[in-house]
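Residue-level structural notes
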Amino acid sequence: MEVTDIGNKEEGKIWHRKPTPGKSVLVTVVRTAQQAKTVRFLHVAFDTTGDSFLAGDHHGNIYVFDISRNRFRLVQKTGQACTSLAFSLRRTTEFLVALADYTIKCFDKDTKQLVSWMRGHEGAVSSISVHSSGRYAITTSSDTAQLWDLDTFQRKRKLNIRQSVGIQRVFFLPLSNTILSCFSDDSIFAWESDTLFCKYQLPVPDCGPRIFYKAFAVTRDGKSLAAGGRSNLLHLWCLDTKQLLRVIQMPTQVRTVRQLEFLPDSFDGGASQTLGVLSQDGVMRFIHIHTCKLLFHVGSHDESITTVAVSPNGRHIVAIMDNGSVNIYSVQSLTQELNKPPPSQVAVVSGGEADQDFSNLKVKVRSEAVQRPTKSSGRRTQVKTLRPPAGTTAEDKENELPAGLNKKRLVALLKAFGEYPAKYRMFVWRSLLCLPENHAAYSSLTDKGLHSAFLTLHEKYPIKSHKLLRGLQRVLSALAHWAAIFGEVEYLPLVAFPFVKLFQNNPMLCFEVVATVIVNWCQHWFEYFPNPPLNILNMAENVLAHHDKELLQHLVDCGVTSQLFVWPLLETFFSEVLTRDEWLKLFDNIFSNHPSFLLMACVAYIICCREPLLLCSQKQDFEYFFHHRNNMDVGAMVKEAYQLMSSTPADIHPRAMLSDFTPLTKGQYPVFNHYPEFIVEYQSREKEKIRLQEMEYLRERQEVSAMRADFLRRLYYSEEQRRNILSQEEERLTQQRAKLAAMKRELKVKELELLDTTRRRFLKHQQDLRASQLQRLDQEISRKMTLYDQETAAAVQDLEVRQMEMEVQRKQLEQVTNTLLTPYQPHLLHSALLPFVCLPSILLCQMCFCISNPFFLFLSVSLDRGRAQLDSSERELLKEIRELRQKLAARSHFSVFRMHLGWVII
């Protein structure tokens, strides 16, 4: 057993030495990180082809392993452990990853880009189920299940349940729009995916112990469901009838079922009959669900299995072991039992007792309906036992086929229904053709690789499906390695293509079917190589001439030969003129009859298309007619072929020219040399010469291309250097511009600072000037005020002196007056008292007195004048004093204003 340590590699080979045929474990893949620590793989998932699978480890690395190409590749680093994996069925390069943070991410394995990020779960996602159309996906956690639209990556629906009832699993049924939901109380519901309408519920079995469902598996046709849990019992349900078919009891070593997986087969029609049961002991046992036999097992107590994934084509099993490694198993090497055909539908009656061994598994079938016990009538039921005849004839031996089938009965069944059941058609063909299944011989042919004649097959036949193209190249290369002529036959891809398309999942069977067809139904085809088989075409033309001379004469008159109306049907095996179902129905009859039936079918096709052919007159019309589909009843064509087989005379019947059916030999394939070897060898030599010339031309062209590539690389390198220099210069100029801009900014800032400093200095200078002016004004004002004060004081003193002088003058005047008026005191006293008696009289007396005394009159006038002068002087003095007071007040106000003005200027 080869062990591959991928380590920190991002891509490489899965195995370095091709696994030896017969070994069950192809390779064991481990991953060791630093310090020899093993990184455990957690989950695996196959794609739809079954040739590659995803594997995720607990570091969050996602790898793609391509078994057919022997390559692995790291496609994503998520940074956290994954809890589930699944491929997208619509866009094959995309895959879904459920992560430990409860989110689901969609990545592209080719571009390694994140396509979408889906959130919504509150618990770890345990499973991802993708609809067969690839449009929808269901993610399941312990508390909810969510339906996603993979076109928009939006959540479409959400399934909520009670906390007491947990979800075990929710998944799509294959080939249908039904969603199956399984809960922890063993209830199973089926829902319509479009409307989410509950279609039905599977009844919970009343009798027997409760299983506590944990694991589920569905066949590819979606008709059977297997369920298991904390018990060694398995329930097998029929989803069409909604009934429990049987209860399968596993061996006593099985106490809990952890995982169930059906093992598909190419010939079971989707109704898988092999079920893999992974139990708590880490051993996965594969059983037959009908015979309940243990077929084989993988894993052991020492090398226990954690989880398993089965490829859709049934070729490989990938298991994650308990130590974190990945084992890749070959189903073909594990057992030969699965390669055998399914049980015969034609019962073989035996007289002895059944020799089946049910020691491994015990089958108990319980009905879901309660049945009442029936009353016994007392009569004994007569049982009729069929016994085989005492002896067998030579004809019966000739008609006996592998797997217990009888050719005579199959032909009767075919004539009754017109075709074999589609479910068992491949099995019947394998039996009719007696395929030897020489695995070793086929491996020796495929080990030689692709034949040089078919390396450029895609250029001549551009097939869209890469898988189909690789399968066709593989089968044609094996045929070319088997016989050299098949590398030269140009129409061989047309012959093999329908069989490759039909057996694309099993290339070995496809090769043996094509080889059997060539050996038996292509007899004498290669005697006139490289020309068409004229002898075979003449046989068909003779049969047509015997049964419809008019039609043949019309073809001859139009210049149409058998190379135009027979050979296109033979070289394509009717694949161009019939649909798939019509082709399958025709070859059911061809494989069940003599090899001459193929020529009769060609003639029958021409006769059935008699009317449209008689209307054609141009050669191009005939070419188009025999290379395109036409409206024709294939059943009528087959009946006409049988009529031709029975009514054609023996002298022109192809049966006389063609040998009976001869199957391929077991162990090794027979030697095929029914062709002109010298022509093939000559063509081979010529083609080899041309190939060598082409190789030389390609080598020279490759050298020129290499020189041109080197020149372009140098040119690109010089251009890159120039770009680097330019980028460096641009970067340097950018840096210089940045520095210059910084210097400009600094200069601008300094200039602004200088301007601000100058402005401040100018303002300070202005303030100083204002302050000096104010100081000068203050000094001038102080000087003037001082001078004014002095003048005022002097004026006040002068006024005081004048006032004193006036006082003195007044006193002197009063003294003089008093002196003059002393003799006239009585009169004056009398005049003083008279006012109270009669003022006018007094005034009259005084006037008379004054008139009578002139001196007194003069004195009176002088006194009045003196008084008037004194009064006027006194008034002027008071006016000057008032003006001085006003000036002093104005001076005080000006001082306050000057003080405020000084504060404002400062």
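Reading guide: rules and limits
Residues numbered from 1 in each chain as written. Predicted model: local features only at pLDDT ≥ 70, side-chain atom pairs only at ≥ 80, totals over all residues. Heavy atoms only, no water. Helix = DSSP H or I, 4+ residues; strand = E, 2+ residues; numbered from the N terminus. Buried < 20%, exposed > 50% of the residue type's maximum accessible area, 1.4 Å probe, protein only. Contact = heavy atoms within 4.5 Å. Areas by Shrake-Rupley, 256 points an atom, 1.4 Å probe, with all protein chains shown as cover. Pairing = 2+ DSSP bridges. Axes fitted to C-alpha atoms, helices over the stretch in contact; angles between N-to-C directions. Patch = residues over 30% accessible without salt bridge, like charges linked within 9 Å, V, L, I, M, F, W, Y side chains within 5 Å. Salt bridge = Lys/Arg side-chain N within 4 Å of Asp/Glu carboxyl O. Phe/Tyr/Trp six-rings, centres within 6.5 Å; stacked < 30°, edge-to-face > 60°. Core = buried A, V, L, I, M, F, W, Y, C linked by side-chain atoms within 4.5 Å. Expected span 1.5 Å × (residues − 1). Parallel < 35°, antiparallel > 145°, perpendicular 65-115°, else oblique. Nonpolar A, V, L, I, M, F, W, Y, C, P; charged D, E, K, R; others polar. Polar contact = N/O pair within 3.5 Å; in protein donor to acceptor, adjacent residues only side chain to side chain.

Quick notes on the overall build of the protein
In terms of regular secondary structure, the protein is built from 23 helices and 31 strands. In the protein, which comprises 906 residues, the share counted as buried stands at 42%. Within the protein, contacts between residues separated by at least 24 positions form 57% of all contacts whose residues are at least 6 apart in sequence. Element-wise, carbon and sulfur atoms account for 54% of the exposed surface of the protein, whose accessible area totals about 51,600 Å².

Notes on the sheet that holds strand β15 (residues 154-160)
Taken together, the four strands give an open sheet; going across it, the order is β12-β13-β14-β15, and neighbouring strands pair in antiparallel fashion. Two strands lie at the open edges of the sheet, namely β12 (127-130) and β15, each paired on one side alone. Taken over all neighbouring pairs, the strand axes of this sheet differ in orientation by 20° on average, direction set aside.

Regarding unusual backbone geometry
The backbone of Cys 292 sits at a positive phi, close to 55°, despite the residue not being glycine. Along the polypeptide, Cys 292 turns up in the loop between β26 (284-288) and β27 (294-298). Residue Cys 292 is classed as buried on the basis of its relative accessible area, which comes to 1%. The backbone phi angle of Glu 437 is positive, close to 55°, even though this residue is not glycine. One can find Glu 437 in the loop between α4 (425-433) and α5 (439-446).

Side note on a nonpolar patch on the surface
Nonpolar side chains collect at one region of the surface, where Phe 711, Leu 712 and Leu 715 lie side by side and expose about 290 Å² of accessible area between them. Residue placement: Phe 711 occurs in helix α20 (residues 677-821). Classification of Phe 711 as exposed rests on a relative accessible area of 51%.

Regarding the sheet that holds strand β10 (residues 104-108)
The antiparallel open sheet is built from four strands, whose spatial order is β8-β9-β10-β11. Edge positions in the sheet fall to β8 (82-87) and β11 (114-118), since each of these pairs with one other strand and no more. On average, adjacent strands in this sheet sit at an angle of 20° to one another, irrespective of strand direction.

Thoughts on the packing of aromatic side chains
Inspection of every chain in the model, using the stated rule, returns 37 aromatic pairs. For the pair Phe 41 and Tyr 63, a centre-to-centre distance of 6.3 Å together with 65° between the ring planes defines the contact as edge-to-face. Placement of the pair is Phe 41 in strand β4 (residues 41-46) and Tyr 63 in strand β6 (residues 61-66), with a sequence separation of 22 residues. Both residues of the pair, Phe 41 and Tyr 63, count as buried. Connected via pairs of aromatic rings, a cluster forms that spans Trp 429, Tyr 491, Phe 499, Trp 521, Trp 525, Trp 567, Phe 573, Trp 583, Phe 587, Phe 591 and Phe 661.

Digging into the pattern of salt bridges
Within the structure shown, the criterion is met by 28 salt bridges. A salt bridge links Arg 69 to Asp 66; the nearest nitrogen and oxygen atoms lie 3.9 Å apart. Salt-bridge contacts for Asp 588 lead to Arg 425; the nearest nitrogen and oxygen are separated by 3.0 Å. Note that Asp 588 is positioned in helix α14 (residues 580-591) and Arg 425 in helix α4, a separation of 163 residues in sequence. Per residue, the accessibility class of Asp 588 equals that of Arg 425, and both read buried. It is possible to trace a salt-bridge network through shared partners that takes in Arg 91, Glu 94, Arg 135, Asp 149 and Asp 151.

Here we look at the nonpolar core
Counting residues in each nonpolar core, the largest one holds 110 residues, and the members touching the most others are Leu 479 and Phe 574. The greatest single-element share of this core, amounting to eleven residues, is contributed by helix α15 (residues 597-608). Those residues in contact with Phe 574 that sit more than four places away from it in its chain are Leu 569, Trp 583, Leu 586, Leu 598, Ala 601, Cys 602, Tyr 605 and Met 637. In terms of nonpolar packing, the next biggest core, distinct from the first, is built from 21 residues, Trp 15, Val 27, Tyr 63 and Phe 72 among them.

A short note on α15
With twelve residues, α15 extends 16 Å from end C-alpha to end C-alpha; this agrees with the ideal 16 Å at 1.5 Å per step. In terms of burial, α15 is a largely internal element, eleven of the twelve residues being buried.

Some details on the pairing of β6
Of all six residues in β6, six are buried, a share of seventy percent or more. On β6, burial covers both faces: Asn 61, Tyr 63 and Phe 65 on one face and Ile 62, Val 64 and Asp 66 on the other are all buried. As defined by bridge partners, strand β5 (residues 52-57) adjoins β6 across five bridges and the pair is classed as antiparallel. Residue pairing across strands places Leu 54 opposite Val 64, the latter belonging to β6. Hairpin connection between β5 and β6: a loop of three residues separates the two successive antiparallel strands, and Gly 60 in this loop has a positive phi of roughly 90°. Two elements, β6 and strand β7 (residues 71-77), share six bridges in a ladder whose sense is antiparallel. Pairing of Asn 61 across the sheet is with Lys 77, part of β7. Here β6 folds back onto β7 in antiparallel fashion, the turn holding four residues, of which Asn 70 has a positive phi close to 55°.

Quick word on the packing of helix α8 (residues 492-502) against α14
Helix-helix packing is described using two parameters, namely the angle between the two axes and the distance between the axes. Taken N-terminus to C-terminus, the directions of α8 and α14 make an angle of 105°; their axes are 13 Å apart at the nearest point. Relative to α14, the element α8 lies roughly perpendicular. Contact with α8, carried on its side by Pro 498, Phe 499 and Leu 502, involves Arg 580, Trp 583, Leu 584, Phe 587 and Phe 591 of α14 and no other residues of that element. Considering only residue class, the contact of α8 with α14 consists of seven nonpolar, no polar and one charged.

A closer look at the environment of Ser 325
One can find Ser 325 in the loop between β29 (316-321) and β30 (326-330). What makes Ser 325 buried here is its relative accessible area of 4%. Residues Ser 325 and Arg 40 lie 285 residues apart in sequence; the distance between their C-alpha atoms is 6.5 Å. Not counting the four nearest positions on each side in its chain, Ser 325 is found in contact with Thr 28, Val 29, Val 30, Ala 319 and Ile 320. Separated by 2.8 Å, the side chains of Ser 325 and Asn 323 make a polar contact.

Take it as geometry only, folks, not as evidence of what the structure does.
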